[in-house]
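Working through the structure, step by step
One-letter residues, chain by chain:
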Amino acid sequence: QVQLVESGGGLVQAGGSLRLSCAASGRTFSSYTMGWFRQAPGKEREFVARISGSSGITNYADSVKGRFTISRDNVKNTMLLQMNSLKPEDTAVYYCAASPRWVLSTAPVWYDYWGQGTQVTVSS
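In this report, the structure presented in the accompanying data block is examined.

About the criteria used
Residues numbered from 1 in each chain as written. Predicted model: local features only at pLDDT ≥ 70, side-chain atom pairs only at ≥ 80, totals over all residues. Heavy atoms only, no water. Helix = DSSP H or I, 4+ residues; strand = E, 2+ residues; numbered from the N terminus. Contact = heavy atoms within 4.5 Å. Core = buried A, V, L, I, M, F, W, Y, C linked by side-chain atoms within 4.5 Å. Buried < 20%, exposed > 50% of the residue type's maximum accessible area, 1.4 Å probe, protein only.

Considerations on the side chain of R67
You can see R67 is positioned in the loop between strand 6 (58-60) and strand 7 (68-73). Excluding residues that lie within four positions of it along the chain, R67 makes contacts with Q82, M83, N84, S85, L86, K87 and D90.

Set out below in structure tokens:
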């Protein structure tokens, strides 16, 4: 099985930046589709970004496109989410997720492995 651990969450003012990391272990990391999701209080878990295992194809939710950047380092088995120009509506628990398949859907159900989540709070 794959184990995922997020880190880097915290409190930041609107307009600021934050970098989240996801450390993976347990299986071959480089072949997995990796994604970031977030869940705000009272709302469903929503897609943020994903990156393919080999080709490096990335996709972003419209709400974060142009502000967030997803990347991965397959040597270090680490995935990053660089978040710039943060807004109060970005406040949520952010989750790292992984799938052995290339996932086309943005639905969380297609991801098999999840981290514990890290809190991101953006103040106005």
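Now that the structure has been shown, we can carry on.
Focus: the nonpolar core
Formed by 34 residues in total, the largest nonpolar core has its most connected members in L4, M34, W36, M79, L81, M83 and Y94. When contributions to this core are tallied by element, the ones reaching two or more residues are strand 3 (18-25), strand 4 (33-39), strand 5 (46-51), strand 7, strand 8 (78-83), strand 9 (92-99) and strand 11 (118-123). For L4, the residues in contact, after removing those within four places along its chain, are C22, A23, A24, M34, C96, A97, A98, Y113, W114, G115 and Q116.

Quick word on unusual backbone geometry
Its identity is not glycine, yet N77 carries a phi of approximately 55°, on the positive side. Locating N77 in the fold gives a position in the loop between strand 7 and strand 8. We classify N77 as partly exposed; its relative accessible area is 25%. Phi angles above zero are rare outside glycine, and S85 is one such case at about 50°. As for its placement among the helices and strands, S85 is situated in the loop between strand 8 and strand 9.

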